[in-house]
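Examination of the molecular architecture
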Amino acid sequence: MTTDLEVLGQAVKRAQYRNHRTMDAALRDVGVTLVQWDALRAIERMPGASGHDLAVATFQSDQSFGTLANRLEDRGLITRAAGRGRRLEYALTESGRVALHDGHEVARGVLDELFAPLDEKQRGELLRTLQLLTTLP
């Protein structure tokens, strides 16, 4: 029997969409969206990264990330300062660190629930399979 690849692709998309919707709703209690929390994670993970690198890491265009960074800065969650050349350096504020930490707490519970139907072996297999599909040649 041959797997219907369109059905497989739609199943991956539905799982991603469910994850996104559930995380976004849960993160509202922390006062951030999933996109904002993802940006905070990237800024913490990638000190000294350019706006372009942060945009790539968060699956956004440079312009979209710039707009998002403006919002995060206006809310007091990040700072931006001049770096080398025209590069801006991004950093979390104390409020940004709190939002990031609280987001991790929320995410832990949401992800436990989302992946509850899978046992540990299935989770590992799924992770390895997705990593295989997303590894660049």
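For the structure itself, consult the block above.
First, a word on what this report is: a plain description of the structure on this page. The model shown is predicted, which means the values in this text are computed figures rather than measured ones. (Residues numbered from 1 in each chain as written. Predicted model: local features only at pLDDT ≥ 70, side-chain atom pairs only at ≥ 80, totals over all residues. Heavy atoms only, no water.)

Let's shift gears to unusual backbone geometry. For Phe59, which is not glycine, the phi dihedral falls at a positive 60 degrees. Here Phe59 is to be found in the loop between α3 (51–57) and α4 (62–74). Owing to a relative accessible area of 76%, Phe59 belongs among the exposed residues under this scheme. (Helix = DSSP H or I, 4+ residues; strand = E, 2+ residues; numbered from the N terminus. Buried < 20%, exposed > 50% of the residue type's maximum accessible area, 1.4 Å probe, protein only.)

The final tally for this structure, using the stated rule, is 5 salt bridges. Close ionic contact of Arg80 with Glu73 constitutes a salt bridge, the shortest N to O distance being 2.9 Å. According to the relative accessible area criterion, Glu73 is partly exposed, its value standing at 30%. Where Lys121 meets Glu125, a salt bridge forms, and the shortest distance between an N and an O atom there is 4.0 Å. Note that Lys121 and Glu125 are positioned in helix α6 (residues 120–134) at a spacing of 4 residues, about one turn of the helix. We classify Lys121 as exposed; its relative accessible area is 60%. The exposure class assigned to Glu125 is partly exposed, which follows from its relative accessible area of 37%. (Salt bridge = Lys/Arg side-chain N within 4 Å of Asp/Glu carboxyl O.)

This next bit is on α4. The terminal C-alpha atoms of α4 lie 18 Å apart, and with 13 residues this matches the ideal 18 Å at 1.5 Å per residue to within 8%. Among the residues of α4, Phe65, Leu68, Ala69 and Leu72 are the ones counted as buried. Projected onto a plane normal to the axis of α4, the buried residues spread over an arc of 105 degrees and lie on a single side. Along α4, exposed side chains directed more than 90 degrees from the buried face belong to Gln63, Arg71 and Asp74. Where α4 is buried, its residues contact α2 (34–45), α3, β1 (78–82) and β2 (88–92). Where α4 ends, the next residue or the one after it, Gly76, has phi of about 80 degrees, a positive value. (Expected span 1.5 Å × (residues − 1). Arc of directions from axis to C-beta. Contact = heavy atoms within 4.5 Å.)

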